[in-house]
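# Survey of secondary and tertiary structure
What follows is each chain in one-letter form.
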Amino acid sequence: MSTKIPVGVLGATGAVGQKFIKLLENHPWFEVTEVAASERTSGKPYGDAVSWKQVTPVPNDVRKLEVRPCTPDLKCRVVFSGLDAAVAGQIEEDFAKAGYVVLSNSKNHRLDEDVPLVIPEVNHEHLGLIPIQCRNRKSKGYIVTNANCTTMFLAMALGPIHKAFTIEKVFMVSMQAVSGAGYPGVPSLDILGNVIPFIGGEEEKVEIETRKILGTFNGKTIDLADFPVSAQCNRVPVEDGHTESVAVKLAKRTSAQEIAELLKNFSGVPQQLRLPSAPEEPFIVMEAPDRPQPRFDVNRANGMATLVGRIRPCTIFDYKFTLMGHNTVRGAAGASILNAELLKAQGMLE
Ligand SMILES: NC(=O)c1ccc[n+]([C@@H]2O[C@H](COP(=O)([O-])OP(=O)(O)OC[C@H]3O[C@@H](n4cnc5c(N)ncnc54)[C@H](OP(=O)(O)O)[C@@H]3O)[C@@H](O)[C@H]2O)c1
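Residues numbered from 1 in each chain as written. Predicted model: local features only at pLDDT ≥ 70, side-chain atom pairs only at ≥ 80, totals over all residues. Heavy atoms only, no water.

### So, the site of the ligand
As a structural note, the neighbourhood of the ligand is formed by 27 residues, with T13, V16, S38, R40 and T41 the closest of them. One of the side-chain N or O atoms of S38 is found 2.6 Å from an oxygen atom in the ligand. Within the contact set of the ligand, an oxygen atom lies 3.2 Å away from a backbone nitrogen or oxygen of D84. Taking 910 Å² as the accessible area of the ligand by itself, protein coverage stands at 81%. Only α1 (15-24), α4 (85-97) and α13 (329-345) provide two or more residues apiece to the shell around the ligand. (Near = heavy atom within 4 Å. Polar contact = N/O pair within 3.5 Å; in protein donor to acceptor, adjacent residues only side chain to side chain. Areas by Shrake-Rupley, 256 points an atom, 1.4 Å probe, with all protein chains shown as cover. Helix = DSSP H or I, 4+ residues; strand = E, 2+ residues; numbered from the N terminus.)

Here it is in structure tokens:
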């Protein structure tokens, strides 16, 4: 008999769903016992239903599982959601109402007043919203969300910087990988040898989610961080790894060296608790002037770290730098799994 916690994956056949299956293979605490998706695939064995795009094979135990419809009658208490945003809102609510712990990747509930939007290294205390959510919604289950894949690396890096030097404003330009659009995603003829300077809804998400994550839990809700964020998002012909050029204005004086040291030496709650998916170094600060680069660096720290480079003074703001991270790992499934590990470590999955 396995002593691991049985978990389900909603949207298990999609890009993020597959990453959940891959990252949960051999997980020390969790075991995938249920997979669920749309009526297009439900009823089939997972191995037949999925168009598997990972570089390792479908795990044997999961291959045989029957894909179930996304109805709250799965035999597990914890579900990870990689559902299409068109359906995630209602399905995730139904599961939470029925008593499940839902770890969601979708945009639908990230900004709900009583739903935590968590990066464990930055704002673990926002989990204090959970009892409030259960009370408000009269349910035993609850929803915890992780950030949009671009917001993730920005908010993660800004967390320690804001705490130390108080951010006054942020400007960010992203170069986002095609895997961020799911599968089949962007048509090849649109993106090959091209840059698309528009990703619907993305800039708005980055601008507001960053302020919620860096906001303050006041015992009832989150007071948004009090600085503006301006984002410009582009799709580029890169397979995995979102790159971000960031400029920040700070209230306190510092130096590029001090910002680099702050990030290099940073250790957060996941590192202190030694959570299984926590990167040993949450920030990998690269010295070479032409790094990080997605092709070479995206899989550092198993895709769970934020890579930082080119920290230097800015002639308009105070400092500017480059960030990069794995959009379907730390930017999606890996972030949800780390959140679940934090909940388990804090006794909130009982
Ligand atoms: N890709 C990324 O880097 C990334 C990063 C962060 C967040 N996200 C978010 O994560 C979510 C999933 O993204 P994705 O890229 O994995 O999308 P995707 O590849 O299109 O997968 C969508 C999943 O949702 C399922 N689904 C669709 N309609 C359904 C329905 N009516 N009922 C039940 N299941 C249904 C699909 O099942 P079938 O196979 O049966 O159709 C599939 O498993 C989205 O909300 C996205 O915004 C994505």
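### Describing the packing of aromatic side chains
Applying the stated criterion to the full structure yields six aromatic pairs. Ring centres of F20 and F80 lie 5.1 Å apart, and the angle between their planes is 35°; this geometry places the pair in the tilted category. Here the residue F20 occupies a position in helix α1, and F80 occupies one in strand β4 (residues 78-81), the gap between them amounting to 60 residues. Judged by its relative accessible area of 0%, F20 falls in the buried class. Here W29 and F30 contribute two aromatic rings whose centre-to-centre distance is 6.4 Å and whose plane-to-plane angle is 85°, an arrangement assigned as edge-to-face. Judged by its relative accessible area of 23%, W29 falls in the partly exposed class. (Phe/Tyr/Trp six-rings, centres within 6.5 Å; stacked < 30°, edge-to-face > 60°. Buried < 20%, exposed > 50% of the residue type's maximum accessible area, 1.4 Å probe, protein only.)

### Quick word on the packing of helix α7 (residues 149-165) against α13
Across the interface, α7 lies against α13 with an axial gap of 8 Å and an inter-helix angle of 90°. Taken as axis vectors, α7 and α13 run roughly perpendicular relative to one another. Two secondary-structure elements touch here, α7 through C149, M152, F153 and M156 and α13 through R330, G331 and A335. In terms of residue class, the contact of α7 with α13 is built from five nonpolar, one polar and one charged. (Axes fitted to C-alpha atoms, helices over the stretch in contact; angles between N-to-C directions. Parallel < 35°, antiparallel > 145°, perpendicular 65-115°, else oblique. Contact = heavy atoms within 4.5 Å. Nonpolar A, V, L, I, M, F, W, Y, C, P; charged D, E, K, R; others polar.)

### Here we look at the pattern of salt bridges
Applying the stated criterion to the full structure yields eleven salt bridges. Two residues, R137 and D112, come together in a salt bridge whose shortest N-O distance is 3.1 Å. Highlighted residues: R137 in helix α6 (residues 129-137) and D112 in the loop between β5 (101-104) and α5 (120-123), separated in sequence by 25 residues. Its relative accessible area of 25% is what places R137 among the partly exposed residues. A salt bridge links K249 to D318, with the shortest nitrogen-to-oxygen separation between them at 3.8 Å. Within this pair, whereas K249 is found in strand β11 (residues 242-250), its partner D318 is found in the loop between β13 (306-313) and β14 (319-325), the two being separated by 69 residues in sequence. With a relative accessible area of 25%, D318 lands in the partly exposed category. Within the structure, one salt-bridge network assembled from shared partners comprises E34, R68 and D73. (Salt bridge = Lys/Arg side-chain N within 4 Å of Asp/Glu carboxyl O.)

### A few points about the side chain of E341
Here E341 lies in helix α13. Ignoring sequence-local partners within four residues, the contact set of E341 consists of H27, W29, F30, L275, P276, S277 and A278.

### A few points about the sheet that holds β4
The strand order β3-β2-β1-β4-β5-β6 describes an open sheet built from six strands, whose pairing is parallel. What marks the edges here is a single partner per strand, and that holds for β3 (67-69) and β6 (142-145). The sheet shows a mean angle of 30° between the axes of neighbouring strands, direction not considered. Direction of pairing for β5 relative to β6: parallel, over a ladder of four bridges. Along β6, the bridge assignment pairs V101 with Y142. Packing against the sheet, α1 makes contact with β1 (5-10), β2 (30-37) and β4, and its axis sits at approximately 160° to β1. Against the sheet, α13 engages β1, β2, β4, β5 and β6, with an angle of about 145° to β5. (Pairing = 2+ DSSP bridges.)

Shape descriptors only; they carry no functional weight alone.
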